[in-house]
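Geometric and topological summary
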Amino acid sequence: MIQVSPSILSADFANLERDLAMLAECGADMAHVDVMDGHFVPNLTIGAPVVKALRKVTALPLDVHLMISEPHKYIEDFAKAGADFLTIHVECDSPIAETLELIRSHGVKAALSVKPNTPASAIEPYLPMLDMVLVMSVEPGFGGQSFIPSALEKSAQLREMIDRINPSCLLEIDGGVSEENAPDCIRAGVNVIVAGSAVFRSDDRKKTISALRGGLESGCN
Ligand code: DX5
Ligand code: ZN
């Protein structure tokens, strides 16, 4: 089953409650929340207090993507704020295995992400500890960028590794995903699609969310 996790980076930040309700109504499976520290990536967004506020107004699972240099310092805050998934980057400065353990110790699902220039092999040692792998198909930092095609080959490599080592682990892709390239991602073995601009710029968001996972339902905005 393919899940869609729209990125609220493209939502209206003055109306997040309204936009989360719209996503639930339009059939989203989760809400993807992009946390940036202005250091790991050249942009700043939101922190745990906002995740806590979102938790109060939606039943959608919160898929929190930590694009921050030292995630181990903030895991407890994000876990207490109500994150369902916490994704850290394999390129961050925290000890990876310890940080994944910390996430799991709070009963939160642990995920590990790779940037476009990091090989899939960087993930392999940690796969037994993971609930999800996140393949970045743009350089993290901004919404609305173009999909980097080499992410498809990397997804296929990760699919092979996941099937061999930890078959229940999810494989998510994030960055520049659209109705046009989502089928390629799914063919490469991805089962969680993140999409920010493709969902929020659509004039039929239900249809777009459905198309991203391979269906054709429409009629909601
Ligand atoms: C980029 C973020 C993405 C971004 C995706 O650093 O991690 O989640 O919001 O946005 P689109 O789908 O517009 O590329
Ligand atoms: Zn993201």
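How each quantity is defined
- Residues numbered from 1 in each chain as written.
- Chains lettered and ligands numbered in written order.
- Predicted model: local features only at pLDDT ≥ 70, side-chain atom pairs only at ≥ 80, totals over all residues.
- Heavy atoms only, no water.
- Axes fitted to C-alpha atoms, helices over the stretch in contact; angles between N-to-C directions.
- Helix = DSSP H or I, 4+ residues; strand = E, 2+ residues; numbered from the N terminus.
- Parallel < 35°, antiparallel > 145°, perpendicular 65-115°, else oblique.
- Left-handed = near helix turned anticlockwise from the far one by under 90°.
- Contact = heavy atoms within 4.5 Å.
- Near = heavy atom within 4 Å.
- Nonpolar A, V, L, I, M, F, W, Y, C, P; charged D, E, K, R; others polar.
- Core = buried A, V, L, I, M, F, W, Y, C linked by side-chain atoms within 4.5 Å.
- Buried < 20%, exposed > 50% of the residue type's maximum accessible area, 1.4 Å probe, protein only.
- Arc of directions from axis to C-beta.

This part is about the packing of helix H1 (residues 16-25) against helix H2 (residues 48-57). Where H1 contacts H2, the axes come no closer than 10 Å and their chain directions differ by 50 degrees. Between H1 and H2, the crossing angle belongs to the class labelled oblique. Note that H1 runs across H2; the crossing there is right-handed. Two secondary-structure elements touch here, H1 through Leu 16, Glu 17 and Leu 20 and H2 through Val 50, Leu 54 and Val 57.

Taken together, 20 residues lie near ligand 1, and Gly 141, Asp 174, Gly 176, Gly 196 and Ser 197 sit nearest. If you list the elements that add at least two residues to the shell around ligand 1, you get strand E2 (31-36), strand E3 (62-67) and strand E8 (192-195). Broken down by element, the residue count for the shell around ligand 1 peaks at three residues, all from E2. Tallied by class, the residues present in the shell around ligand 1 amount to eight nonpolar, 10 polar and two charged.

The biggest cluster of nonpolar side chains holds 67 residues, and the ones touching the most others in it are Leu 23 and Val 64. If we skip the residues at most four places from it in the chain, Val 64 touches Val 33, Val 35, Val 51, Phe 78, Ala 83, Phe 85, Leu 86 and Thr 87. By size, the runner-up hydrophobic cluster in this structure holds six residues, among which are Met 30, Phe 85, Ala 111 and Met 132.

In this section: H2. Spacing of three or four residues puts side chains on the same side of an α-helix, whose turn is 3.6 residues. The complete set of buried residues in H2 reads Ala 48, Val 51 and Leu 54. Projected down its long axis, H2 carries its buried residues within an arc of 115 degrees, all on one side. Along H2, exposed side chains directed more than 90 degrees from the buried face belong to Pro 49 and Lys 56. In the core, the buried residues of H2 are packed alongside H1, E2, E3 and helix H3 (75-81).

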